[in-house]
Amino acid sequence: MGLWVRDLRVKKRKAKLNDDVEKKLDKLGFVWNCRKRKRTKTPTKRLPWSDRFQQLQLFFTKNGHCKVPSTYKNKQLYHWVTNQRRDYRCGVMPVARIGQLEGLGFEWNSKRKRRKIEE
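**A short note on the overall build of the protein**
Looking only at helices and strands, one finds five helices and zero strands in the protein. The N-to-C order of helical and strand elements in the protein reads α-α-α-α-α. Counting every position in the protein, which comprises 119 residues, the buried fraction comes to 31%. Residue pairs at least 24 apart in sequence account for 53% of intrachain contacts in the protein once pairs closer than 6 positions are excluded. Taken as a whole, the protein presents about 9200 Å² of accessible surface, with 52% of it coming from carbon and sulfur.

Rendered as C-alpha cells:
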C-alpha cells in the first residue's frame, strides 16, 4: 500500500494524475505532502527511534496513556509522537514499529479528550 500511495503522490507532483481520482482522494482527506516539516529555530539533537520509544514507555508508565500533550516538558517527545501519527497516516511507517506502538495502546487519532498527565 505504501508504494501505491507514493506513486499517487509522484503522479500528482508530475501532473499525471487523473483529475477525477485526485478529487475523490481529496474528498477522502488524502494527505498529498506528508513529509513537509517545519524547521525549528534551534536545531535539536535527533535521537534514535528506540530511544524516543523508551521515553514514550516511561510516559505511559507514569500516565497510563500515550497522548503526550503539547504542553509536556519534553517537547521533543510530543513532536516525535506527532510524527509517528503522521508517518502512520501517510503509510510510511514500518509494520514492526506499528506493532510496538500499538503494544503500548498508542492511539493513532489524537483528537480525543485530553487526559491527565504527571510532569
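**A word on the environment of M93**
With respect to the helices and strands, M93 occurs in the loop between α4 (75–89) and α5 (95–103). Here M93 falls in the buried class, since its relative accessible area comes to 9%. Placed 91 residues apart in sequence, M93 and G2 show a C-alpha to C-alpha distance of 8.8 Å.

Calculation notes
- Residues numbered from 1 in each chain as written.
- Predicted model: local features only at pLDDT ≥ 70, side-chain atom pairs only at ≥ 80, totals over all residues.
- Heavy atoms only, no water.
- Helix = DSSP H or I, 4+ residues; strand = E, 2+ residues; numbered from the N terminus.
- Buried < 20%, exposed > 50% of the residue type's maximum accessible area, 1.4 Å probe, protein only.
- Contact = heavy atoms within 4.5 Å.
- Areas by Shrake-Rupley, 256 points an atom, 1.4 Å probe, with all protein chains shown as cover.

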